[in-house]
Protein chains: 2
Amino acid sequence: MELNDFLPYQLSVLSLKISKGIAEHYQDQFGINISQWRVLVILYKNPDITAKRIAQLSQMDKVRISRTLKSLVQKKYLNETTHPLDARAKNYELNERGRYLMRAVIPDALRYEEELLKKLSEQERADLQHLLTKFNKILE
Amino acid sequence: MELNDFLPYQLSVLSLKISKGIAEHYQDQFGINISQWRVLVILYKNPDITAKRIAQLSQMDKVRISRTLKSLVQKKYLNETTHPLDARAKNYELNERGRYLMRAVIPDALRYEEELLKKLSEQERADLQHLLTKFNKILE
DNA sequence: TATTTTTTGTTTCAAATGAAACTAAATGTC
DNA sequence: GACATTTAGTTTCATTTGAAACAAAAAATA
């Protein structure tokens, strides 16, 4: 058995390589880590949502989300308001500073992705998307 | 921008899902974690090698390898001998207990992989392998 | 040969992680 | 309404992680 051929291993190495590249880049350019980046994107698309909803959308651990939100509030990228119908929960949304950050980060992220994808043919890109969708189905 | 469509994100989620499944399984069935499993496979294919060589083959961090080897020696799966030509290094190899473990684990790993792959068509499997190879080339 | 530089591997330390316990509020049940 | 259960989010704690500093040996250079 070759470890190098073992699918889970290959995927792990690939994903780590790509994530590491992004992580360093975002840390350097914008001072945000992967967790913060993920939560920011979700808030960009979903204004005024709770930590619970972010957990559903991101599949991240709730402890991690709690801490990430706290850090983003401290960095003054988010407004935090108590949920009108549930006193346990808080609503979060990007403030002007947060939106400003995202207007800088998103094109950068898309460029990074494009940089990766442009090295694939049209056919390969289609295959990749098909496989990712299929795996998501397979793994529930 | 949809986070869900973002390639690095998709890959990360997929890889974590698959790795988590394996990790739990190996921990339960054999009491070994992912790091230990990777090092064991490498030693299975490459008897009598040093930590440095394992680092090259696995792409894992050297601190992690150092600790993993220590734990595997403690669990009595490996023989550790001082390198004949380099007093800084040690050679590692599976001992009988280690080989016995691997004879149990490897079929199990292959079954897990097969379980995943059999849900793909012949074409999809080929596409997957092609893409993984291609990505490896792209990312050096 | 002596001295500097590089290499191999380990240890230290601080940060990240997540399971489990917890608080507080909402919901369900009687 | 009173009590039990569930839910949202936080804190605690023990573990994992890897960067940086380190020790010891090998290799390079003088």
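Position numbers for residues start from 1 in each chain and track the written sequence from start to end. Chains and ligands are labelled by the order in which they are written, letters from A for the one and numbers from 1 for the other. This being a predicted model, a pLDDT of at least 70 is required before a residue's local features are given, and a value of 80 or more before pairs of side-chain atoms are given or counted; all residues contribute to the totals for chains, interfaces and linings. Processing note: side-chain calculations cover all non-hydrogen atoms of the structure and skip hydrogens and water entirely.

1. Some details on the protein's contact with DNA strand C
Threshold: Put simply, a residue is near a molecule or strand once any heavy atom of it comes within 4 Å of that molecule or strand. Counted as a polar contact is a pair of N or O atoms within 3.5 Å, where, for protein atoms, one must be capable of donating a hydrogen and the other of accepting one, and residues adjacent in sequence contribute only when both atoms are in side chains. Going along the chain from the N terminus, every DSSP run of H or I of four or more residues is numbered as a helix, and every run of E of two or more is numbered as a strand.
As a structural note, the neighbourhood of DNA strand C is formed by 18 residues, with Arg67 of chain A together with Lys52, Ser66, Arg67 and Arg88 of chain B the closest of them. Each atom of DNA strand C within 4 Å of the protein belongs either to a base or to sugar and phosphate, the latter forming 57%. Here a base oxygen of DNA strand C sits 3.1 Å away from a polar atom, N or O, in the side chain of Lys62 of chain B. At a separation of 2.4 Å, a phosphate oxygen of DNA strand C approaches a polar side-chain atom of Ser66 of chain B. Residue assignment for the surface near DNA strand C shows that the elements contributing at least two residues are helix H4 (62–74) of chain A together with helix H3 (51–58) and helix H4 (62–74) of chain B.

2. Points about the layout of surface pockets
The following threshold applies: We place a 1 Å grid over just the protein atoms. Points where a 1.4 Å probe fits but has no way out form a cavity, open points with protein on both sides within 12 Å along at least 5 of 7 lines form a pocket, and any residue with an atom within 4 Å of a point lines it. Grid points are joined across faces, edges and corners, and a volume is the space filled by probe spheres set on the points. The nonpolar class holds Ala, Val, Leu, Ile, Met, Phe, Trp, Tyr, Cys and Pro. Asp, Glu, Lys and Arg form the charged class, and all remaining residues, Gly among them, are polar.
For the largest pocket, the calculated volume is near 730 Å³. Contributing elements (two or more residues each) for the lining of the largest pocket: helix H1 (7–30) and helix H2 (34–45) of chain A together with helix H1 (7–30) and helix H2 (34–45) of chain B. Among the elements that line the lining of the largest pocket, the one with the most residues is H1 of chain B, at eight residues. The residue inventory of the lining of the largest pocket, partitioned by class, reads seven nonpolar, eight polar and seven charged. Approximately 450 Å³ is the volume found for the second largest pocket. As for the second largest pocket, its lining consists of 17 residues, of which Ala51, Lys52, Arg88, Ala89 and Lys90 of chain A are closest to the centre. Taken together, the elements giving at least two residues each to the lining of the second largest pocket come down to helix H3 (51–58), H4 and strand S2 (90–94) of chain A. The element best represented in the lining of the second largest pocket is H4 of chain A, accounting for seven residues.

3. Let's talk about the interface of chain B and chain A
The extent of an interface is frequently quoted as the accessible surface area lost upon association of the parts. Our working definition: Contacts are assigned to residue pairs that have any heavy atoms within 4.5 Å of one another. Two parts placed together each lose some accessible area under a 1.4 Å probe, and adding up what both lose gives the buried area. A pair is scored as a salt bridge if a Lys or Arg side-chain nitrogen falls within 4 Å of a carboxyl oxygen belonging to Asp or Glu.
With 50 residues of chain B at the interface, the matching set in chain A holds 50 residues. Across the chain B to chain A interface the summed buried area is about 5,100 Å²; carbon plus sulfur atoms make up 69%. Of the charged contacts, one joins Lys134 of chain A and Glu124 of chain B as a salt bridge, the two residues approaching to 3.2 Å between their closest N and O atoms. Joining chain B to chain A, the criterion identifies 12 residue pairs in polar contact (both at pLDDT 80 or more). If you list the elements that add at least two residues to the side of chain B that touches chain A, you get H1, H2, H3, helix H5 (96–117) and helix H6 (122–138) of chain B. Among the elements that take part in the side of chain B that touches chain A, H1 of chain B stands out by supplying 14 residues, more than any other. Its residues placed into classes, the side of chain B that touches chain A shows 29 nonpolar, 10 polar and 11 charged.

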